[in-house]
Amino acid sequence: MPEPVTLPHDAMIGTLRDPSASHDIGYFPGGVWEYTKSFEVPAEWRDRRMALQFEGVYRDAMVYVNDDLAASEPNGYAEFTVDLDPFLRYGEENTVKVNCRAGEDSRWYSGAGIYRPVHLWMKNPVHLAIDGVWITTPEIDDHGAVVEVAAEVQNDTAHTVTVRVACEVLNPAGDTVASGDIPVTLRSHTTATARQRLAVADPSRWSPDQPHLYSCTTTVTDAESAELDRDATAFGIRSLQLDPAHGLRINGESVKLRGACVHHDNGPIGAATISRAEERRVELLKAAGFNALRSAHNPMSRAMLDACDRHGVIVMDETWDMWTENKVNHDYALRFEERWRSDVAALVRKDRNHPSVVLYSTGNEIPEVGSPLGAARARDIAEHVRSLDPHRYVTTGVQPMLAIRGLIAKIPEILGLMETPDSSEVSEPQPAEDAGSQGVNTQMAMWAMVKDQVMQSPIIAEGLEEVSASLDVVGYNYVSNRYLIDHDLFPNRVIVGSETNVTDLGRDWPVICAHPHLIGDFTWTGWDYLGEAGIGRIGYDDEDPVDEGVPGVVAPFPWLVAHTGDIHITGVRRPASYFREIVFGLRQEPFIAVQRPTHAHKQIAYSGPWSWSDALDSWTWDGHEGTAVDIEVYSADGEVELVLNGRSLGRQPIDDFRTKFAAAYEPGELVAISYTDDEETARTALRTAAGPLSLVAEPDRTEITADHTDLAYVSVHISDANGIVNPGANRPVEVTVDGPGVVQGFASADHMSLEPFGSTTCTTYDGQALAVIRPTGPGTVDLTFTADGLAPAICRLTVSES
């Protein structure tokens, strides 16, 4: 039965997971969905131009207006616009229908449906083109900047017209700092570019530390000064430079990218791109120490780009995960050849005014780039990007094992061995019909076993030389061992670690900081995500069987998430995040993480290249008194002392920013003290939750706005009077909503949860859960959370008019 929905909407997240569905998308089933919207079009609108702009529909969208096909878009991540004028019935009710489908076409959770915003445009016959204002800052110094505004004006009338195009530049405080006004004549049914160079004195420059944003209002008026169209465009004044001697410079200052790869889903609300969800992710990622994001492996949403602009986060915006060779049976490779140029155009048009966007990535781990014709295609794509936007840099995430044909078969030869135990476990890449993330990710796990040795081979340099030469920055996926080798061979090459493992960060980051041709590191991943089930898990022998001779990369049902992000899908930081913060030099205090006593004495059956440890920053383990536990401590200092309830457990030297202790669990206080040259530098402590427990609900904001772009995130935890969470006190929690709001999602970080995200009940995991509330109108929303044995937790949200 049809049901009313509010856009953006993920049609897949509300379906029941199925063991027979693909592990790639978290065992969510595929399907076909249809959206319909009916609306009146008054007769007096006949002389207006109307269009629908879709920011993203997953996937193979077919748009019908009054049952006639008006547009189609096979790419689930590309923006597209539908001209409504030929199909509308004026003075009558009109219906727009959107069909889409998903299934066996993605290596991660894609979601489905109209998951990104839709905009209805209604314009005069003479108007600014949609996204037709492009602002650049070609000249900047300490005294002033030139702001160049290029506005595309369209004349859809049958006559030549002359209009005036005015531009007004406002500084971050909202004051007018520059303006211009020029006449523009357009012939019938043509488009003209009105270009103005405006001088701004003493500009406030955009940077990661000071993300100053200007805005430009562009107005089109007719001969009688009547306004025909208006556009407000945010932009930043900043300069970019790139070379191997200084690396990446923003406003003349070298910047190292502390990067995170992120998928597009928003955890408990699925792929729905609601602005507040995107902004919250950017806020939490930057607070965790990241200053750059890579949109893996598809174009970033407008909402996240806006958030990156506001918060000073640098963006590598990516186009595709594949070109012409399938990675999954029915993926976009089937349509790539006919669509890649329009995909690039849509990406650039979306990104070109965002100061946060510094790099365009033309692909991730593309198998073709290691062949001569594949490298030629890479050059064609890169040049097309540059033709549309010459002001940013082009990169591609290159992975030698996937790109160099036959490399796996050559591994025994490279290692200088005729026959080795390892070589028996290595096979050629699977053919396309058998591809999928089991194929790609399993091959990547095999690669991790031998990459340190194989990286020394000249085959790598020879096979990737041509594609690398076509790029401004060469993205290295899991090949950090070549950072210095390739600098010697190709001294003009600039490199970024476009995809890396956190386990390598302690070795790689000091090298990156010491060498300017290395501009940064992007970890896989900054935020955990749905799908690629369990690739980052720690699997134990009693629960994670492994096929003979094959790394068990894919986790069985009911695994839900990849379990490889620094931050859980609920927004809670994992221990790996604090390790990274220490390696980056952003945290002085040591960090304590305790491996769960529930797994004491078990054998690890699976730990892959994307795995961290199964540790938690807690010293509350009810019922495990006396159980031996392993205690990890992360620090940038020389050694660490561990003190339990006033007794020293000894000192350990720090190696690769971490060390490990063993102790029998006893409640109380566990303190880590770091030392350099025998002098204490910092300390931190974990304490046991004690006394009665309470159910606590804490909204991220108590005041939100009554529109479709806002959300309230309510953290729910079970803790003692001091706020210490008890990770073992888990139980179902129910939420009731009184007022203009609905539960958009309710979830925990349980990587194998079978509870639907849209339910009003959720079982806590490690003592915590997260409720996401979407407003439906202005007023007061009262939330009541209840759980057996605990007093209710109540909080109130005030929803104001938008």
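Think of each chain on its own: its residues are numbered from 1, step by step along the sequence as written. Whole-chain, interface and lining totals are the exception, using all residues; otherwise, since this is a predicted model, local features are given only for residues with pLDDT of at least 70 and side-chain atom pairs are given and counted only at 80 or more. The side-chain figures draw on all heavy atoms in the structure; neither hydrogens nor water molecules are used.

Quick look at unusual backbone geometry now. The amide bond that connects Y58 to the next residue, R59, takes the cis arrangement and shows omega of -5 degrees. For helices the rule is a DSSP run of H or I covering at least 4 residues; for strands it is a run of E covering at least 2, with both sets numbered from the N terminus onward. As for its placement among the helices and strands, R59 is situated in the loop between β2 (49-54) and β3 (61-65). Following A296, the chain continues to H297 via a peptide bond in cis, the omega torsion being -5 degrees. Secondary-structure assignment places H297 in the loop between β19 (292-295) and α2 (302-311). Positioned with a positive phi, D67 is a non-glycine residue whose angle comes to about 70 degrees. Note that D67 resides in the loop between β3 and β4 (68-73). Non-glycine residue N645 carries a positive phi angle of around 50 degrees. Mapped onto the secondary structure, N645 falls in the loop between β31 (639-644) and β32 (647-653). For N645, a relative accessible area of 33% translates into the label partly exposed. Buried residues are those whose accessible area, probed at 1.4 Å on protein chains only, stays under 20% of the maximum for their type, while exposed residues exceed 50% and partly exposed ones sit between those limits.

Let us now look at the confidence of the model for the chain. The quantity known as pLDDT measures the predictor's confidence residue by residue, on a range of 0 to 100. When the pLDDT values of the chain are averaged, the result is 94; 95% of them are 70 or greater. Residue contacts are counted whenever heavy atoms from the two residues lie within 4.5 Å of one another. Counted against residues more than four places away or in other chains, residues 547-551, with its pLDDT under 50, gives six contacts.

A side-chain nitrogen of Lys or Arg and a carboxyl oxygen of Asp or Glu constitute a salt bridge if their distance falls within 4 Å. Applying the stated criterion to the full structure yields 50 salt bridges. Close ionic contact of R310 with E279 constitutes a salt bridge, the shortest N to O distance being 2.6 Å. With R310 in helix α2 and E279 in helix α1 (residues 275-287), this residue pair connects regions lying 31 residues apart in the sequence. E279 sits in the buried class, given a relative accessible area of 16%. Two residues, R507 and D508, come together in a salt bridge whose shortest N-O distance is 2.9 Å. A relative accessible area of 37% places R507 in the partly exposed class. Classification of D508 by relative accessible area gives buried; the value is 4%. Three or more residues are tied together by salt bridges with common partners; here these are R107, D321, K327 and E532.

We call a set of buried Ala, Val, Leu, Ile, Met, Phe, Trp, Tyr and Cys residues a nonpolar core when their side-chain atoms join them within 4.5 Å. Core analysis: the biggest nonpolar cluster contains 70 residues, and L285, L293, C308, W320, W323 and F579 have the highest contact counts within it. When residues no more than four places from it in sequence are discounted, the contact partners of C308 are W206, V282, L293, M300, V313, V315 and S356. V57, L88, A292 and V494 belong to the second largest nonpolar core, which has 66 residues in total.

With that settled, the discussion passes to the sheet that holds strand β17 (residues 253-254). Sheets are built from strands that pair by backbone hydrogen bonding, the pairs being arranged parallel or antiparallel. When DSSP finds at least two bridges between two strands, those strands are taken to pair. The three strands are arranged β15-β16-β17 in an open sheet whose pairing can be described as antiparallel. Because the sheet does not close on itself, it has two edges, and the strands there are β15 (240-243) and β17. Here β15 pairs with strand β16 (residues 247-250) via four bridges, running antiparallel. For Q241, the partnering residue across the bridge sits in β16 and is R249.

It is worth spelling out the pairing of strand β38 (residues 712-719) at this point. Burial analysis of β38 places seven of its eight residues in the buried class, the great majority of the element. Pairing of β38 with strand β42 (residues 768-775) involves six bridges; the strand directions are antiparallel. Note on β42: the bridge partner recorded for V714 is A771.

Let us look at the pairing of strand β35 (residues 679-687). Pairing of strand β34 (residues 669-676) with β35 involves eight bridges; the strand directions are antiparallel. Bridge pairing in β35 links T676 to E679.

By the element assignment, T570 lies in the loop between β26 (538-540) and α11 (575-583). Counting along the chain gives 179 residues from T570 to A749, while the straight-line C-alpha distance between them is 6.2 Å. In this structure, T570 is in contact with R280, A747, S748, A749 and L770, ignoring residues within four places of it in sequence.

Helix length check: α1 (13 residues) gives 18 Å between terminal C-alpha atoms against 18 Å at 1.5 Å per residue, within 8%. Among all positions in α1, only R276, A277, E278, E279, R280, R281, V282 and L285 are buried. Those residues of α1 hidden inside the fold are in contact with β18 (257-262), β19, α2, β38 and β42. G289 sits one or two residues past α1 and shows a positive phi near 115 degrees. To estimate the expected span of a helix, count its residues, drop one, and scale the result by 1.5 Å.

Attention now moves to the state of the cysteines. A pair of sulfur atoms, both from cysteines and within 2.5 Å, is called a disulfide here. Under the defined criterion, the tally for this structure stands at zero disulfides. Between C216, a cysteine without a disulfide, and C167, which holds the nearest cysteine sulfur, the sulfur-to-sulfur distance is 4.5 Å. Judged by its relative accessible area of 0%, C216 is buried. The cysteine C261 is free of any disulfide, with C308 supplying the nearest cysteine sulfur at 13 Å.

Moving on, we get to the packing of aromatic side chains. In this scheme Phe, Tyr and Trp rings, the latter by its six-membered ring, pair at centre separations within 6.5 Å, and the angle between planes marks the pair as stacked below 30 degrees, edge-to-face above 60, and tilted otherwise. In total, this model carries 20 aromatic pairs according to the counting rule given. Ring geometry for Y476 versus Y483: centroids 6.1 Å apart, planes at 40 degrees, classification tilted. Each member of the pair, Y476 as well as Y483, carries the same accessibility label: buried. Ring geometry for Y478 and W610: centres 6.2 Å apart, planes at 85 degrees, overall edge-to-face. Here W610 lies in the loop between β28 (604-607) and β29 (615-616) and Y478 lies in the loop between β23 (473-477) and α9 (483-489), a separation of 132 residues in the sequence.

Let us now look at the environment of N722. Relative to the elements of secondary structure, N722 occurs in the loop between β38 and β39 (732-738). Accessibility expressed as a relative area gives 68% for N722, which makes it exposed. The spacing of N722 and G691 is 31 residues in sequence and 9.7 Å in space, taken between C-alpha atoms.

Let's shift gears to the sheet that holds strand β40 (residues 741-747). Across the sheet, four strands lie side by side as β36-β38-β42-β40; this open sheet has antiparallel pairing. Each having just a single partner strand, β36 (694-699) and β40 make up the two edges of the open sheet. Averaged over all neighbouring strand pairs, the angle between strand axes comes to 25 degrees, with direction disregarded. What counts as an axis is a line fitted to C-alpha atoms, over the stretch in contact for a helix, and the angles between N-to-C directions run from 0 to 180 degrees.

Turning our attention to α11. Most of α11 sits inside the fold, with nine of its nine residues counted as buried. Among the residues making up α11, those that are buried are P575, A576, S577, Y578, F579, R580, E581, I582 and V583. Following α11 by one or two positions, G585 adopts a phi angle in the positive range, close to 80 degrees.

The next thing to look at is the packing of helix α3 (residues 336-351) against helix α4 (residues 372-388). Where α3 meets α4, the closest approach of the two axes is 9 Å, and the angle between their N-to-C directions is 30 degrees. Here α3 is positioned roughly parallel relative to α4, judged by the angle of their axes. For the pair α3 and α4, the crossing hand works out as right-handed. The segment α3 lies against α4, with F336, E337, W340, R341, V344, A345 and V348 engaging R377, D380, I381, H384, V385 and L388. Taken together, the residues of the contact of α3 with α4 sort by class into eight nonpolar, one polar and four charged. Roughly parallel means an angle under 35 degrees; roughly antiparallel means over 145; roughly perpendicular covers 65 to 115; every other angle is labelled oblique. Left-handed describes a crossing whose near helix is turned anticlockwise from the far helix by less than a right angle; the clockwise case is right-handed. Basically, the charged four are Asp, Glu, Lys and Arg, the nonpolar ten are Ala, Val, Leu, Ile, Met, Phe, Trp, Tyr, Cys and Pro, and anything else, Gly included, counts as polar.

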